[in-house]
Structure formats: C-alpha cells, structure tokens
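A look at the structure
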Amino acid sequence: MSTSMQDGPTHRPASALASLVARSLVLVYGTLAYLIFLGAILYAIGFVSQLLVPKTIDSGTANSRLHALIVDLALMSLFAVQHSGMARQGFKKLSASVASPALERSTYVLLASLALLLLFWQWEPITAVVWQIKTPALVSAAIAGGFLGWLIVLYSTFLISHFELFGLTQVVTHFTGRIAEPIKFKTPGLYRVIRHPIYLGFIIAFWSTPTVTLGHLLFAAVTTTYIFVGIWLEERDLAALFGEEYRRYKQKVAMLLPGLF
C-alpha cells in the first residue's frame, strides 16, 4: 500500500505529460500536412496556368513522345490510385485500427500532396500544339476562366468546412481533448445547385487555357476522366453513409451542370 501511495501521484502527472506530448505531435503532423498541401495546390495553379513557377505543364526537358506519355500516365495513375484508394471507407477503418483517427485525414492529405509534387517534378512535356487561341479578348477570357475554376474550387471547400476537409479541424479537436462531432450531411451555397462544385472548378481550371499542347490535353483529359470515376466512387460511399437523404439529394440536384447532368 505504501508503494502504491507513493507511485500514484507521480504516475498521474507523467501520464498526463505523455498524453500532452502525443496530442502535440498529432497537431504538428496535421499542421505540416496542411502546409504541404497548401504549397502543392498553389504550385498546381502555377503549373497548369504556366505562371510564376519554375516548371509548368509545358516546360522542362522534352523526351520522345512515347517516353513522355508513359511517364506522365504513370504519374497520374499513381495519384489516382492513392487519392481514390485512401478515400474509401475500408481504408479509413484500417487506418483507424492502427493509428489515431485524428491522423487519418491529415495522412490522406499529406500523401495526396506528395503525389502531386512528384507529378509536377517528374512531368515530361509534350509541346506539340493541338489548338491555340490568338484573339486577344478570347485569350484573356480563357485565362480568366482558369482562375475562375480555381476560385470555385477554393470557395467550395470553405462552403463544406475547408479546415475539416484538409484535416486541421480533426487534429485541433484531438489536441484540445474534445470529441469530434459526427459527420452531418449539408448542402450550402453551390451545393444546392450542383453536387460537385469542387470537381467542376477543377475541370474549368484544367481546360481553360489559350494554348493546348498534347501534354496539356493529356493532363486535362485524364484528370477529367478520373474526376468522373471519383464522383462515382464518392457517391457510392455517400449513399452508404447517409442513405435515403443522399439519394433524394442526388435525384433533385445535378451532378455538375444544372439542367444537363
């Protein structure tokens, strides 16, 4: 009894300190993951728009078209497999069984960002021009359309909780010792008009350019195809998660373009 009385008071502060350190490490990890994501998405804007970054979609060393095609398809496939695979409920359950659930979203964001940065670094341009807009007013409209697409992406993330989408809310909640609120189905702003405004923004951003090279066409076509596959996978998961509520929403609201699809 004497030993227990002596060890008890010291054991509790040590345990509390260990918990604080563990929660702090989770917070630092989530913050770093978010900052890396922020750098990746800002570079993506410059990469696609060919502005302000050292390497863009049409710059860099040009190898043979076949070599560039193989490399670029491999890079996009790597991103697609990581991005879709880790977003599935099965992987999320597996992740929660081996690490804190607060880390799941940050890890997803971090690995997706690293896959994107690898794509930007290793991308091989295919610079043959497919089409080019030369009228100054139309050139300006194409450039403005690209930035509009990125603006739609950013705005849409804030409509559904930007910091939760990219993992910061989860690590902050974990650090403060609060219990995370259950995910709620909500349709604010643009989500009342279309189901996937973030994806629509990406499509607009990828295709709105005055000059389309073979490399840019490849990037835009493959990523657009992946977006439609991603929508199918995501909606399957959302229907399983929210049931009839999501199915009713899907029936009433267009996927990407009101009145069309």
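Keep in mind it's a predicted model, so treat the numbers as computed, not measured.

Observations regarding the layout of surface pockets
In this approach, a probe sized like a water molecule rolls over the atoms, and the result shows the empty space that is left. In this structure, the second largest pocket spans a volume of roughly 180 Å³. Looking at the second largest pocket, it is lined by 13 residues, and the ones nearest its centre are Ser49, Ile143, Ser208, Thr209 and Pro210. At the level of secondary structure, the elements contributing two or more residues to the lining of the second largest pocket comprise α1 (2-49) and α5 (136-159). Per element, the largest residue contribution to the lining of the second largest pocket is four residues, and it comes from α5. Per-class residue counts for the lining of the second largest pocket are seven nonpolar, six polar and no charged.

Here we look at the side chain of Gln82
Along the polypeptide, Gln82 turns up in helix α2 (residues 65-85). The buried category is assigned to Gln82, whose relative accessible area is 12%. The residues touching Gln82, leaving out its near neighbours within four places in the chain, are Tyr108, Leu111, Ala112 and Ala115.

Overview of the packing of aromatic side chains
A complete count under the given rule lists 18 aromatic pairs for this structure. Ring plane angle 20° and centroid distance 4.0 Å describe the contact between Phe37 and Phe166, whose orientation is recorded as stacked. Separated by 129 residues along the polypeptide, Phe37 in helix α1 and Phe166 in the loop between α6 (162-165) and α7 (168-176) bring together distant segments of the chain. On the accessibility criterion, Phe37 (12% relative accessible area) is buried. In this structure Phe166 comes out as buried when scored by relative accessible area, which is 12%. With centroids separated by 5.4 Å and ring planes inclined at 25°, the aromatic side chains of Tyr43 and Phe120 adopt a geometry described as stacked.

Thoughts on the confidence of the model for the chain
Chain-level statistics for the chain give a pLDDT mean of 89 and a share of 92% at 70 or above. Within the chain, helix α3 (residues 89-98) has the poorest average pLDDT of any element, 69, and helix α8 (residues 197-207) the best, 97. Counting interchain partners and residues more than four positions distant, the pLDDT-below-50 stretch residues 1-5 has zero contacts.

Section: unusual backbone geometry
Of note, the phi angle at Leu52 is positive, near 70°, even though the residue is not glycine. When you line up the elements, Leu52 lands in the loop between α1 and α2.

What about the side chain of Ser84?
Tracing the backbone shows Ser84 in helix α2. Every residue in contact with Ser84, bar those within four places of it in the chain, is listed here: Tyr226 and Leu233.

Here we look at the packing of α5 against α8
Where α5 contacts α8, the two axes come as close as 7 Å, and the packing angle between them is 160°. Considered as vectors, α5 and α8 are oriented roughly antiparallel to each other. Regarding α5 and α8, the two cross each other, and that crossing is left-handed. Touching Gly145, Gly146, Gly149, Trp150, Ile152, Val153, Ser156 and Thr157 of α5 are Pro197, Ile198, Gly201, Phe202, Ile204, Ala205 and Phe206, all from α8. Residues that form the contact of α5 with α8 fall into these classes: nine nonpolar, six polar and no charged.

Considerations on the nonpolar core
Judged by nonpolar contacts, the single largest core of 49 residues is most densely connected at Phe47, Leu119, Trp123, Trp150, Phe202, Phe206 and Phe219. Where this core is concerned, the elements lending two or more residues are α1, α2, α4 (104-122), α5, α7, α8, α9 (214-242) and α10 (244-252). Leave out the neighbours within four places in its chain, and Phe219 touches Val48, Ile57, Met76, Leu119, Trp123 and Phe206. One finds Ala80, Ala112, Ala115 and Tyr226 within the second-largest nonpolar core, a separate group that totals five residues.

Description of the environment of Glu124
Along the polypeptide, Glu124 turns up in the loop between α4 and β1 (129-132). For the pair Glu124 and Leu257, spaced 133 residues apart in sequence, the C-alpha to C-alpha distance is 33 Å.

Section: the pattern of salt bridges
Tallied over the entire structure, the rule returns three salt bridges. Note that Arg195 is salt-bridged to Glu235, the shortest N-O span being 2.5 Å. One end of the pair, Arg195, is in the loop between α7 and α8; the other, Glu235, is in helix α9, and 40 residues separate them in sequence. With relative accessibility at 9%, the residue Arg195 sits in the buried group.

Rules used throughout
- Residues numbered from 1 in each chain as written.
- Predicted model: local features only at pLDDT ≥ 70, side-chain atom pairs only at ≥ 80, totals over all residues.
- Heavy atoms only, no water.
- 1 Å grid on protein atoms, 1.4 Å probe; cavity = no way out; pocket = protein on both sides within 12 Å on 5 of 7 lines; lining within 4 Å.
- Points joined across faces, edges and corners; volume = space filled by probe spheres on them.
- Helix = DSSP H or I, 4+ residues; strand = E, 2+ residues; numbered from the N terminus.
- Nonpolar A, V, L, I, M, F, W, Y, C, P; charged D, E, K, R; others polar.
- Buried < 20%, exposed > 50% of the residue type's maximum accessible area, 1.4 Å probe, protein only.
- Contact = heavy atoms within 4.5 Å.
- Phe/Tyr/Trp six-rings, centres within 6.5 Å; stacked < 30°, edge-to-face > 60°.
- pLDDT = per-residue confidence, 0-100.
- Axes fitted to C-alpha atoms, helices over the stretch in contact; angles between N-to-C directions.
- Parallel < 35°, antiparallel > 145°, perpendicular 65-115°, else oblique.
- Left-handed = near helix turned anticlockwise from the far one by under 90°.
- Core = buried A, V, L, I, M, F, W, Y, C linked by side-chain atoms within 4.5 Å.
- Salt bridge = Lys/Arg side-chain N within 4 Å of Asp/Glu carboxyl O.

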